Amino acid sequence: MEYRLTDEERLTLKTGAFGAVFLVSNADPGMLGVIRESAAASGALADASGVVKEALTSGPLPRLPRDSQLEIESVVLPALERAVRILREKSPADVAAYRSVVLTAANRVARAHDGVVPAEAAVIDRIRGALDDPA
């Protein structure tokens with residue numbers, strides 16, 4: 001059965017996914033890297049399907065803080081946790097797909113420019129933690 005997400009729920013999924021990419025990109029900033037990273041991430045996000053694809057491709061772009069990595073994390077990591085809870089409740093079959101799309105995009109971003117640096121690896125670990133099933 002296909003469940004429709006509310007606009008707010010779709011924005012939560014989108015904030016988590018786009019925010020995760022932004023977090024990784026921000027962990028090792030560089031202008032040329034940002035261009036490569038954006039292309040890498042958009043490919044992964046485009047691979048989504050079903051409810052996840054609808055959430056990531058419809059509605060407005062999320063507004064993310066830009067002041068500090070800590071501030072970005074304070075928005076993105078809870079959004080990822082909420083996104084998993086929303087999907088578990090409304091479309092359990094899509095939880096793994098969302099987790100996979102977000103982690104694939106984050107990993108592609110990290111590898112897009114000179115390989116994965118420790119700061120990026122640490123951010124990806126925090127993203128993975130936020131996406132893990134809470135006990």
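Residues numbered from 1 in each chain as written. Predicted model: local features only at pLDDT ≥ 70, side-chain atom pairs only at ≥ 80, totals over all residues. Heavy atoms only, no water.

**Some words on the overall build of the protein**
Thinking step 1. Looking only at helices and strands, the protein features six helices and zero strands.
Thinking step 2. For the protein, the α and β elements follow one another from N to C terminus as α-α-α-α-α-α.
Thinking step 3. Considering the protein as a whole, with its 135 residues, one finds that 45% of them fall into the buried category.
Thinking step 4. Long-range contacts, defined as pairs at least 24 residues apart, comprise 82% of the intrachain contacts of the protein with a sequence gap of at least 6.
Thinking step 5. Surface accessibility of the protein: about 7,000 Å² in total, with carbon and sulfur atoms responsible for 56%. (Helix = DSSP H or I, 4+ residues; strand = E, 2+ residues; numbered from the N terminus. Buried < 20%, exposed > 50% of the residue type's maximum accessible area, 1.4 Å probe, protein only. Contact = heavy atoms within 4.5 Å. Areas by Shrake-Rupley, 256 points an atom, 1.4 Å probe, with all protein chains shown as cover.)

**Overview of the pattern of salt bridges**
Thinking step 1. Applying the stated rule across the entire model yields six salt bridges.
Thinking step 2. A salt bridge links D7 to R10, with the nearest nitrogen and oxygen atoms 2.3 Å apart. Here R10 and D7 lie together in helix α1 (residues 7-27), a separation of three residues that amounts to about one turn.
Thinking step 3. Given a relative accessible area of 58%, D7 falls into the exposed group.
Thinking step 4. Using a relative accessible area of 13% as the deciding quantity, one classes R10 as buried.
Thinking step 5. One salt bridge connects E73 with R126, and the closest N-O pair in it is separated by 2.7 Å. With E73 in helix α4 (residues 69-90) and R126 in helix α6 (residues 118-131), the pair connects residues that are 53 residues apart, well separated along the chain.
Thinking step 6. A relative accessible area of 11% means that E73 is categorised as buried.
Thinking step 7. Among the residues examined, R126 registers a relative accessible area of 37% and is labelled partly exposed.
Thinking step 8. Taken together, the shared-partner salt bridges connect R4, D7, R10 and E54 into one network. (Salt bridge = Lys/Arg side-chain N within 4 Å of Asp/Glu carboxyl O.)

**Regarding the side chain of E9**
Thinking step 1. Mapped onto the elements of the fold, E9 is located in helix α1.
Thinking step 2. Of the residues examined, E9 reaches a relative accessible area of 15% and is grouped as buried.
Thinking step 3. Excluding its chain neighbours within four sequence positions, the residues that come into contact with E9 are R4, I86 and K90.

**Structural notes on the environment of S49**
Thinking step 1. Its location among the elements puts S49 in the loop between α2 (31-46) and α3 (50-57).
Thinking step 2. Note: C-alpha distance between S49 and Y98 (49 residues apart in sequence) is 9.2 Å.

**Overview of the nonpolar core**
Nonpolar side chains in soluble globular proteins generally cluster together in the buried interior.
Thinking step 1. Grouped together as the largest cluster of nonpolar side chains are 39 residues, with contacts concentrated most on L13, V24, L80, Y98, V102, I127 and L131.
Thinking step 2. Residue assignment for this core shows that the elements contributing at least two residues are α1, α2, α3, α4, α5 (95-112) and α6.
Thinking step 3. The element that contributes the greatest number of residues to this core is α5, accounting for nine residues. (Core = buried A, V, L, I, M, F, W, Y, C linked by side-chain atoms within 4.5 Å.)

**Details of the confidence of the model for the protein**
Thinking step 1. Here the protein averages 85 in pLDDT, and 86% of its residues register 70 or above.
Thinking step 2. Within the protein, no element has a lower average pLDDT than α2, which sits at 64, and none a higher one than α4, at 95. (pLDDT = per-residue confidence, 0-100.)

**Some words on α3**
Thinking step 1. Residues of α3 that are buried: V51, V52, A55 and L56. Viewed end-on, α3 has its buried residues packed into an arc of 125 degrees, placing them on one side of the element.
Thinking step 2. Note on α3: the residue one or two positions beyond its end, G59, has a positive phi of about 75 degrees. (Arc of directions from axis to C-beta.)

**Observations regarding α6**
Thinking step 1. For α6, built from 14 residues, the straight-helix expectation of 20 Å at 1.5 Å per residue is met to within 8% by its first-to-last C-alpha distance of 20 Å.
Thinking step 2. Regarding α6, the residues found buried are E120, V123, I124, I127, A130 and L131. Projected down its long axis, α6 shows its buried positions confined to an angular sector of 115 degrees, all on one face. (Expected span 1.5 Å × (residues − 1).)

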